[in-house]
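These are the residues of each chain, in order.
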Amino acid sequence: MEYSRNIPLLCDYYEYTMCNGYVEKGIEDNVVYFDIFFRTIPDHGGFAVVAGLEQLVDYIINLRFTDSDIEFLHSKNTFGEKFLNYLRDFRFSGDVWAIPEGTPVFPGEPLVTIRAPVAEAQILETFSLLTLNHQTLIATKASRIVRAAMGRTVMEFGSRRAQGTDAAILGARAAYIAGCGGTACTVSDKWYGVPASGTMAHSWVMMFDSEYEAFKAYCETYPNNASLLVDTYDTLNSGIPNAIRAFKEVLLPRGITKCAIRLDSGDLSFLTKKARQMLDEAGLKDCKIVVSNALDEWLIRDLLDQGAVIDAFGVGDNLITSHSDPVFNGVFKLAAIEKDGEIIPKIKISENVEKITTPGFKKIYRIYDRNGKAVADQICVYDETIDESEPLELFDPQATWKRKTLKGFKAKELMVKVIENGALIYDMPSLDEIRKHCAEEMDTLWDEVKRFSNPHHYYVDLSKKLWDVRNELLNQTRR
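Residues numbered from 1 in each chain as written. Predicted model: local features only at pLDDT ≥ 70, side-chain atom pairs only at ≥ 80, totals over all residues. Heavy atoms only, no water.

Participant: Explain the sheet that holds strand S9 (residues 260-263) to me, please; I cannot follow it from the model alone.
Facilitator: The strands that make up a sheet pair up through hydrogen bonds in the backbone, lying either parallel or antiparallel. What the 6 strands build is an open sheet, ordered S7-S6-S11-S10-S9-S8; its pairing is parallel. Where the open sheet ends on each side, the last strands, each with one partner, are strand S7 (182-183) and strand S8 (227-229). Bridge count between strand S6 (residues 153-156) and S7: 2 bridges; the pairing is parallel. What sits directly across from Met155, in S7, is Gly182. Across the sheet, helix H12 (residues 268-281) touches S9 and strand S10 (288-291), and the angle it forms with S10 is around 160°. (Pairing = 2+ DSSP bridges. Helix = DSSP H or I, 4+ residues; strand = E, 2+ residues; numbered from the N terminus. Contact = heavy atoms within 4.5 Å. Axes fitted to C-alpha atoms, helices over the stretch in contact; angles between N-to-C directions.)

Participant: I'm lost on helix H4 (residues 81-88) in this one. Help?
Facilitator: Every α-helical turn comprises 3.6 residues, leaving residues that sit three or four positions apart pointing alike. Residues of H4 that are buried: Phe83, Leu84, Tyr86 and Leu87. One side of H4 holds all its buried residues, which, seen down the axis, span an arc of 155°. Residues of H4 that are buried make contact with helix H1 (13-24), helix H3 (67-75) and helix H5 (118-122). (Buried < 20%, exposed > 50% of the residue type's maximum accessible area, 1.4 Å probe, protein only. Arc of directions from axis to C-beta.)

Participant: Hey, could you run me through the environment of Ser324 in this one?
Facilitator: Relative to the helices and strands, Ser324 is located in the loop between helix H14 (317-320) and strand S12 (330-339). Each residue touching Ser324, except ones within four places of it in the same chain, is listed here: Asp43 and Lys141. In this structure the side chain of Ser324 is engaged in a polar contact, spanning 2.6 Å, whose partner is the side chain of Asp43. (Polar contact = N/O pair within 3.5 Å; in protein donor to acceptor, adjacent residues only side chain to side chain.)

Participant: Would you mind showing me how to read the pattern of salt bridges here?
Facilitator: Opposite charge on two side chains lets them pair, provided their charged atoms get close. In total, this model carries 25 salt bridges according to the counting rule given. Here Arg115 ties to Asp95 by a salt bridge, and the two come within 3.2 Å at their closest N and O atoms. Of the two residues, Arg115 sits in strand S5 (residues 112-117) while Asp95 sits in strand S3 (residues 95-98), which places them 20 residues apart along the sequence. With relative accessibility at 6%, the residue Asp95 sits in the buried group. The residue Lys464 makes a salt bridge to Asp468 at a minimum N-O spacing of 2.8 Å. Note that Lys464 and Asp468 are positioned in helix H16 (residues 464-476) at a spacing of 4 residues, about one turn of the helix. Relative accessible area serves as the criterion here: at 32%, Asp468 is assigned to the partly exposed category. In the salt-bridge network here, residues are joined through shared partners; they are Asp43, Lys141, Arg144 and Glu297. (Salt bridge = Lys/Arg side-chain N within 4 Å of Asp/Glu carboxyl O.)

Participant: Please explain the sheet that holds S12 as it appears in this structure.
Facilitator: Read from one edge to the other, the open sheet built from 7 strands follows the order S13-S12-S1-S5-S3-S19-S20, with strand pairing classed as antiparallel. Two strands close off the open sheet at either side, each with one partner strand: strand S13 (342-345) and strand S20 (423-424). Pairing analysis gives 6 bridges linking strand S1 (residues 31-38) to S5, with the strands arranged antiparallel. Residue pairing across strands places Asp35 opposite Thr113, the latter belonging to S5. The strands that helix H6 (residues 125-149) touches are S1, S5 and S12; relative to S12, the one it contacts most, it runs at about 135°.

Participant: Can you walk me through the pairing of S13 in this structure?
Facilitator: Remark: a regular strand shows side chains that alternate across the two faces of the sheet. Where S12 meets S13, 4 bridges bridge the pair, whose relative direction is antiparallel. For Lys339, the partnering residue across the bridge sits in S13 and is Glu342. Turn length for the S12-S13 hairpin, with the two strands adjacent in sequence and antiparallel, is 2 residues, and the turn residue Asp340 shows positive phi of about 55°.

Participant: It is not clear to me how the packing of aromatic side chains should be interpreted in this structure. Could you clarify?
Facilitator: For any two aromatic rings, the description comes down to two numbers: the centre-to-centre distance and the angle of the planes. This structure, assessed with the given rule, holds 20 aromatic pairs. Between the aromatic rings of Phe361 and Tyr382, the centroid separation amounts to 5.0 Å while the plane-to-plane angle is 20°, which identifies the pairing as stacked. Taken as a pair, Phe361 in the loop between S13 and strand S14 (362-368) and Tyr382 in the loop between strand S15 (374-381) and strand S16 (392-396) lie far apart in primary sequence, 21 residues in all. The exposure class assigned to Phe361 is buried, which follows from its relative accessible area of 12%. (Phe/Tyr/Trp six-rings, centres within 6.5 Å; stacked < 30°, edge-to-face > 60°.)

Participant: Explain unusual backbone geometry here, please?
Facilitator: Leaving glycine out, the prevailing phi sign among residues is negative, and the prevailing peptide bond configuration is trans. With phi around 45°, Ser322 is a residue other than glycine that occupies positive phi space. Relative to the elements of secondary structure, Ser322 occurs in the loop between H14 and S12. The phi dihedral of Asn421 falls on the positive side, at around 50°, and the residue is not glycine. With respect to the secondary-structure elements, Asn421 resides in the loop between strand S19 (416-420) and S20.

Okay, structure coming up:
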């Protein structure tokens, strides 16, 4: 974890007013359960890809308040001395369960559950949400773009358009988890191992007396990684012919056939077809064609449908900002409290039905059919188990008459315990392991769930026991 952060004041102010109140009332050590979940999928897609757990865990176990932090809070004339003294010795002492990074996830199911004394848990709200919301958003968008590319490499090129430093650095990490081949962001390589690469901008070409001289100089400097930007002046009449000349005069005499051209403007479908024809006629069949310029999953799909000849894509602002749907709506909600050793479910009720929460301390099972395809998730009470030897009846919690009985299935718990009594107990996977896990889990989803438009609705059901708990709490509000 190269990029550790300790910013305890990166916190909505009401978290401190509540925690101060807990301390004043002597209930700061009452144990609670908070869930982090989301309600809708970006771009009306079929699923999201969870990311950001590593940074969240690092934050939780290292969270400390400095004298400067406490002096600032004291200056607000809002907080009592008991609370400020409480912060001086702050250490997270609770437990955390989470769905591993890279896993496809669905609305309503907890991505993270935090069990801790209420003051400790409450202070984590803002950072937990901003971390998971951001990286999950970018991983989800990257997954769409990578799928549109149909096996071709996608590079994340968006650092300069990202909305801040962390957005660029951690956005590159999230994009790599979801399948991007690398990034233009160098520090993401240093800190996280996201492969960084890049070649030239138009300014390189313009620095030389001629386009050919610029290409020749670049090939001489980087003969094993010669990728030339061919659209500075005239792509077909100047750029590609000069690139071919430089490749032939500098690379081929050295026995090097690996090279590439990049197009960053114009009609990419037409230009790539013409470029491929020109390169092949020149005997440069191994030369790759890379394209960039305001790409997203829809334009990439259209280009390939039109027969564009493209080997790799560079995708910038539409990826790093998730431009088409730039807000991930994860929330942090109280689900249960402990009292005298008993876990008491809590529910938030709203006039908006979609905002009614699922109460209690829970676990999630993913159900797979005989072919290893995921068919549904079931959220259960924490002490439930699913017996794979018995038929399993699933039902839609919003339309209980919709039922399905499964036999011969496999059930896997999704959440793992990552922190226990304030200490990390989870063997954090490497970034490449997370990326591999993501690819493997994506393969378990039906293609219908992965459609960009009108994807198949993947069911997230409640167990009968959990549904009864929820229904009873709803009914109590009418009494």
